[in-house]
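# Chains, contacts and geometry: an overview
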Amino acid sequence: HVKFECYLRVIACQQCGLKIVFRDLETHLLEGCSKRKIKCSYGCGVPIAFDMMTRHKDTECPNRSVRCRLGCGEHMFAGDRELHEREKCQQRLVQCKFNKHHRVLAKFIDLHEKNDCEDRLIFCPNQCLGVEYPESEPGIHDSNVLVSAKRIGDHLRYHCARRWIPCELKCSLKLRAKDLMNHKE
């Protein structure tokens, strides 16, 4: 009776190993056992051992509040941080569309691509887009429309059909490069 049936016998809890009186086992398992499973109060729905709940809430729960590691200052659920840092954070580095080696903070990428990137394409300030080229030179019109920002100086000095150049025949006239052939004739 004392060993197997007495409600006052002392037993070890199968969960935590604590020595308790048999009649208190049910209450212990529901309210006092350190290994009893309880639901996380952050709402993740994961049943966690009571004695592990603090660690779960501090370091594991996907619903705990965390701050962005890239320095933007935003708070979010831990489960959303990877997506935020990979796709949404303005402090993440993104690749420039004109040069795959340029990585710029997301908050500055539009400004970089519009004004700063030396590989961005810009229109010739001489508006060689509107220049008529001889029909015998197909494609020249298109190749002179947009120029990379780092090559605009060379374009204006050596390639732009609307750049001003002196007459090669030394007649002292300055004319547009596109008009040189007609002038020499």
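Scroll up to find the structure.
Now for a description of the structure that goes with this document. All figures in this text were calculated on a predicted structure; none of them were measured in a lab. (Residues numbered from 1 in each chain as written. Predicted model: local features only at pLDDT ≥ 70, side-chain atom pairs only at ≥ 80, totals over all residues. Heavy atoms only, no water.)

## Quick word on the overall build of the chain
The helix and strand tally for the chain stands at seven helices and twelve strands. In the chain, of all internal contacts separated by at least 6 residues, the share reaching a separation of at least 24 is 14%. In the form shown here, the chain has an accessible surface area of approximately 13,400 Å², with 52% of it arising from carbon and sulfur atoms. (Helix = DSSP H or I, 4+ residues; strand = E, 2+ residues; numbered from the N terminus. Contact = heavy atoms within 4.5 Å. Areas by Shrake-Rupley, 256 points an atom, 1.4 Å probe, with all protein chains shown as cover.)

## With respect to helix H4 (residues 109–116)
Burial in H4 covers these residues: Ile109, His112 and Glu113. Each buried residue of H4 sits inside an arc of 90° when the element is viewed along its axis, so together they form one side. Exposed side chains of H4 directed beyond 90 degrees from the buried face belong to Asp110 and Lys114. (Buried < 20%, exposed > 50% of the residue type's maximum accessible area, 1.4 Å probe, protein only. Arc of directions from axis to C-beta.)

## Some remarks on a nonpolar patch on the surface
There is a patch of nonpolar side chains on the surface, built from Phe98, Leu121, Phe123 and Leu146 and spanning about 380 Å² of accessible area. Within the fold, leucine 121 resides in strand S9 (residues 121–123). (Patch = residues over 30% accessible without salt bridge, like charges linked within 9 Å, V, L, I, M, F, W, Y side chains within 5 Å. Salt bridge = Lys/Arg side-chain N within 4 Å of Asp/Glu carboxyl O.)

## Here we look at the packing of aromatic side chains
For the structure shown, the criterion picks out zero aromatic pairs. Taking NZ or CZ as reference, arginine 36 lies 4.0 Å from the ring centre of phenylalanine 50, over its face. Against the face of tyrosine 42 rests lysine 57, its NZ or CZ located 5.2 Å from the ring centre. (Phe/Tyr/Trp six-rings, centres within 6.5 Å; stacked < 30°, edge-to-face > 60°. Lys NZ or Arg CZ within 6 Å of the ring centre and 35° of its normal.)

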